[in-house]
Amino acid sequence: QVQLVESGGGLVQTGGSLRLSCAASGFIFSINTMGWYRQAPGKARELVATLPSGGIAYYTNSVKGRFTISRDNAKKLVYLQMNSLKPEDTAVYYCNTRNPFTSAVDWGQGTQVTVSS
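Residues numbered from 1 in each chain as written. Predicted model: local features only at pLDDT ≥ 70, side-chain atom pairs only at ≥ 80, totals over all residues. Heavy atoms only, no water.

Visitor: Explain the nonpolar core here, please?
Guide: Soluble globular proteins tend to bury their nonpolar side chains together. Counting residues in hydrophobic clusters, the biggest one holds 27 residues, and the most contacted among them are Trp-36, Leu-80, Met-82 and Tyr-93. Not counting residues within four places of it along the chain, the set of residues in contact with Leu-80 comprises Leu-18, Arg-19, Leu-20, Trp-36, Val-48, Ala-49, Phe-67, Thr-68, Ile-69 and Tyr-93. (Core = buried A, V, L, I, M, F, W, Y, C linked by side-chain atoms within 4.5 Å. Buried < 20%, exposed > 50% of the residue type's maximum accessible area, 1.4 Å probe, protein only. Contact = heavy atoms within 4.5 Å.)

Visitor: Can you walk me through the environment of Thr-14 in this structure?
Guide: Summarising the element assignment, Thr-14 is placed in the loop between β2 (10-13) and β3 (18-25). Taking the C-alpha atoms as reference points, Thr-14 and Ile-69, 55 residues apart in sequence, are found 20 Å from one another. Apart from the residues within four sequence positions on either side, Thr-14 is in contact with Leu-85, Pro-87, Val-115, Ser-116 and Ser-117. (Helix = DSSP H or I, 4+ residues; strand = E, 2+ residues; numbered from the N terminus.)

Visitor: What should I look at first to understand the sheet that holds β3 in this one?
Guide: Either a parallel or an antiparallel arrangement is found when strands of a sheet pair, and the pairing is made through backbone hydrogen bonds. Pairing is antiparallel across the open sheet formed by four strands, whose spatial order is β1-β3-β8-β7. The open sheet has two edge strands with one neighbour each: β1 (3-7) and β7 (67-72). Direction aside, neighbouring strands of the sheet carry axes that sit 15 degrees apart on average. (Pairing = 2+ DSSP bridges. Axes fitted to C-alpha atoms, helices over the stretch in contact; angles between N-to-C directions.)

The structure is reproduced here in structure tokens:
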């Protein structure tokens with residue numbers, strides 16, 4: 001079955017950087033669209049970034065210019081480089097994958113990112 005395992009979260013001060021990783025298995029990684037979402041306490045889960053295989057990245061407005069999504073199809077890894085972090089970036093970050101043929105979606109377990117002021 002599909003498995004997505006996030007890592008790299010932690011505590012960082014405002015203006016700092018973190019790189020999240022997501023290790024994928026159980027599907028043809030090079031075909032699927034990969035993405036990152038986040039959810040803060042009391043708020044809905046929101047899209048952060050997506051990257052189709054062979055396509056261009058999409059970012060939500062609040063992270064444009066600060067975050068970069070990338071993927072390594074040979075290693076079946078997707079990354080989220082987060083720079084210039086702000087307290088409002090504090091959330092649990094989830095890795096996501098979508099099959100472009102069936103629209104089936106799967107999620108990782110999440111990794112906590114906390115940005116202190």
